[in-house]
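An overview of the molecular structure
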Amino acid sequence: MALVGRTATWWARLRSPRPAAAPLCLPPWRPAGLAAGGRLYSSRGREKLDMSMYPVESIRNFSIIAHVDHGKSTLADRLLEITGTIAKTDYNKQVLDKLQVERERGITVKAQSASLFYNHEGVNYLLNLIDTPGIQAQTVANFYLAFEAQLTIIPVINKIDLKNADPERVEKQIEKLFDIPADECVRISAKQGTNVEKVLQKVIEKIPPPQCNTADPLKALVFDSTFDHYRGVIANIALFGGEIQKGHKIVSAHTKKRYEVNEVGILTPNEQPTHKLYAGQVGYVIAGMKEVTEAQIGDTLFFYKQPVEPLPGFKSAKPMVFAGMYPVDQTEYNNLKSALERLTLNDSSVTVHRDSSLALGAGWRLGFLGLLHMEVFNQRLEQEYNMSVILTAPTVPYKAVLSSAKLIKEYGKKEITIINPAQFPDKLSVSEYLEPTVLGTIVTPHEYIGKIISLCQDCRAVQKDMLYMDEHRVMLKYLFPLNEIVVDFYDALKSLSSGYASFDYEDAGYQAADLIKMDILLNGNPVEELATIIHNDKAYTTGKLICERLKDAIPRQLFEIAIQAAIGKKIIARETLKAYRKNVVAKCYGGDITRRMKLLKRQAEGKKLMRKIGNVEVPRDAFIRVLKRQNDK
C-alpha cells in the first residue's frame, strides 16, 4: 500500500521531513448531529463553512493506492475517525464505498473524495483524500508511473496485526524492489487503528502544498459528477486557480455553455456547503446543469468573459478486454443507451462503440480495463438502472496484417485491429495475425514455484527472468499473451499459491501468432455470444472444455441439443444434452413388440420436429462461467 501526494499540477517533490507531533483537534464547525454519530445526506439547512482559513500552504492532496483487499477503505475509515470527520462507532465500515456493488464485493469500485481537517503542531491543515478503486494486477506499474511523475510516495505496511505478518521481511522487499529505505515505511493496522495517526503526520510533513494562487482567474477541473433529481448535476471539482462562490457565472470549456453557481461546498464525505472555494481546495459545485453529459470528466470551468487555457484533463485509459452488450429485449434499447451514457460519464475508462448482430439485434461493443471491471460494470447496470443485458464472451484487441488489395482498400490501411470475433478476416486474405502481450511479474513463496511455472507454461508464457528476493520469496517474469490471463489467471494463481502469490503486468506490445476463430453451435445454429478468437494449438482442448461446460450450464429441454465447437465448417468437439423423455411404453404390459416400437418411433418423430422449431435458451451468466478454469470433475 502507498499514499501518493498530488499538487495543483498533480506533480510533487519529496521534501525533508519536519519533527512529528500530532495533537488531535476536532474542527470547530463540526455540527452536533455528526458529533453524535448522525449522518447528513442533504446539504440543506447546514451551516456554511468559511474556507478562507485554509490557505494553500496548509492544504495537502493525497490518494491511497493499493492492491485489491489490502485494506484501503478500512484505512480511509480510520483517517475519517481520527480527524473527527465522522463519529467513531463500530458501524464505520467502507464509509466511502456508497455503491451496493462495493459493499457486496468488499472492494472500492468508484473513487471517492473527502476533505479532512487536522491540527498538527498548532496549525490547522486541510487534507483532501481520494480513496481510489483497488488495482487488480498493476500495483507495481502504478508505483513506477507515480515515481516517473515525481509524486511523493509514502509506503504503508498494513495488517501488521495478522498472525503471520512479517513487516521486517516486507520492508526489505520494498527496499530491494523500489529503493525506498526501510525506515521510511509506516507499519499500521487499519482494522485496529494502530499507528494510523502517523500516516497523517507523514502526509503533512512529506507532501508539498499545491502550486496555485487564489489571485489567478478561476480554473477548476471536473473529476467526477453525480445526478440529483431535484438539484441536477453535482460536479466534483479541484481548483487550480482563483475562487468560486454562489452567484458566479461560469463557462464549461467542453460544452461552451454558461451557468450560474447555485451552491459550492466540500465533501466530508457528505455535502457540506461553504461560502467559497479557493485555489488548491477540492469540493463540489451545483450550477443548474440538467444533464450528466454537461459535466464531462476532465472538463475545465472558468469565469464568464475570463477564459483560461483548458487543463489537459485525464489521459484516456487503454482498454484491455472487449465484449458485446445487447438488451435482452430490443424495446429496451433506448433505456439501456441512456443508462450506458450515465455510467460511462462516471467511468471514462469504458469505451463504447455501436454494434449490431443478426441474432442479438442492435447493441454496443464495450472496452474494459479487465474482467473484474467488466463484471462490476454489468452488476452496476442491473442494480442502479434495473437493466438486464446479454454480455458476450470477452476478447482482447487482436491485429491482422492484410494481404488482400480489396480489403486494404476497404479499410484504408494494411493493419487492422479486431475487437469483435465477427470481424475476424479469413486466413487467405491475411499475411499475419498479431496478438497483444504483457510482461507479467509474479512474486511468490518459493514452495509454490513448480505449480506456478506449470500454470504459466499452460498459458503459453515465455520465462524472461527469475530472481530470489530473499530466502523465502521468488520473483518470476514472464511474457504472456494477454488473452491467456484476461479471464481467470489471477484466480488460478491465488488458488495454487493459497493466496500468497501476487501478480502484476504491463503492456508489452504485439507478437505474431497462429490465430483462428472458433464458433459454438447449438443444434447447428451459431451462438454469436460465444464466438471467440484463440490460438490454433489450444483450439481442440478449449472447444471440448466449452462444450462440456455448456452441457452443464444449459437446462435440459424436451428435445435433444447438440453442442458443437467448429472452426469454419469443421466440427472439432461435440457434446449432446439428452432430452427429457416420457415413458410412452409404460402402459404396454405385454403383447407384440411392434406395438412398443410404434410408440417409440412416434415419440422420436415428435422430438425431431420439436428440435427443428425449438429455441434453446442460454443462461446469461453462462458466457463468463464456461470460459473460467475449473477443476476437472
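Heads up: the structure comes first, above all this text.
Small disclaimer: the values here were computed from a predicted structure and weren't measured.

With antiparallel pairing, the eight strands of this open sheet are ordered in space as S11-S10-S16-S7-S8-S15-S12-S13. Strands with a single pairing partner mark the edges of an open sheet, and in this sheet they are strand S11 (258-260) and strand S13 (271-273). Within this sheet the neighbouring strands show an average axis-to-axis angle of 40°, counted without direction. Strand direction decides the pairing type here: strand S8 (residues 232-241) and strand S15 (residues 282-286), joined by five bridges, are antiparallel. What sits directly across from Ala-238, in S15, is Val-282.

Here we take up a positive patch on the surface. A surface patch of positive charge is lined by Lys-587, Arg-595, Lys-598 and Arg-602. Looking at where Lys-598 falls in the secondary structure, it is placed in helix H14 (residues 593-613). For Lys-598, a relative accessible area of 47% translates into the label partly exposed.

On to the pattern of salt bridges. Taken as a whole and assessed by the stated rule, the structure comprises 19 salt bridges. Of the charged contacts, one joins Glu-575 and Lys-551 as a salt bridge, the two residues approaching to 3.8 Å between their closest N and O atoms. Placement of the pair is Glu-575 in strand S31 (residues 570-577) and Lys-551 in helix H13 (residues 539-553), with a sequence separation of 24 residues. What makes Lys-551 partly exposed here is its relative accessible area of 33%. Here Glu-560 ties to Lys-578 by a salt bridge, and the two come within 3.8 Å at their closest N and O atoms. Of the two residues, Glu-560 sits in the loop between H13 and strand S30 (561-567) while Lys-578 sits in the loop between S31 and H14, which places them 18 residues apart along the sequence. Each of Asp-228, Arg-231, Glu-263 and Glu-271 takes part in a single network of salt bridges with overlapping partners.

Turning to unusual backbone geometry, a few remarks are in order. In this structure, Pro-269 follows Thr-268 across a cis peptide bond, with omega equal to -5°. Considering the arrangement of structural elements, one finds Pro-269 in the loop between strand S12 (263-267) and S13. Within the chain, Glu-121 stands out as a residue other than glycine whose phi angle is a positive 55°. Its location among the elements puts Glu-121 in the loop between strand S3 (112-120) and strand S4 (123-131). Taking the relative accessible area as the measure of exposure, Glu-121 reaches 39% and is therefore partly exposed. Here Asn-523, not a glycine, exhibits a phi torsion of approximately 55°, which is positive.

Here the focus is the pairing of S3. Among the nine residues of S3, nine are classified as buried, and the element is accordingly described as predominantly covered. The alternating pattern of S3 places Gln-112, Ala-114, Leu-116, Tyr-118 and His-120 on one face and Ser-113, Ser-115, Phe-117 and Asn-119 on the opposite face, and all of these are buried. As defined by bridge partners, S3 adjoins S4 across nine bridges and the pair is classed as antiparallel. Its bridge partner lying in S4, Tyr-118 is registered against Tyr-125. Connecting the antiparallel pair S3 and S4 is a turn made up of two residues, with Glu-121 showing a positive phi of about 55°.

Reading the values: the criteria
- Residues numbered from 1 in each chain as written.
- Predicted model: local features only at pLDDT ≥ 70, side-chain atom pairs only at ≥ 80, totals over all residues.
- Heavy atoms only, no water.
- Pairing = 2+ DSSP bridges.
- Helix = DSSP H or I, 4+ residues; strand = E, 2+ residues; numbered from the N terminus.
- Axes fitted to C-alpha atoms, helices over the stretch in contact; angles between N-to-C directions.
- Patch = residues over 30% accessible without salt bridge, like charges linked within 9 Å, V, L, I, M, F, W, Y side chains within 5 Å.
- Areas by Shrake-Rupley, 256 points an atom, 1.4 Å probe, with all protein chains shown as cover.
- Salt bridge = Lys/Arg side-chain N within 4 Å of Asp/Glu carboxyl O.
- Lys, Arg positive; Asp, Glu negative; His and termini not counted.
- Charge placed at Lys NZ, Arg CZ, Asp CG, Glu CD.
- Buried < 20%, exposed > 50% of the residue type's maximum accessible area, 1.4 Å probe, protein only.

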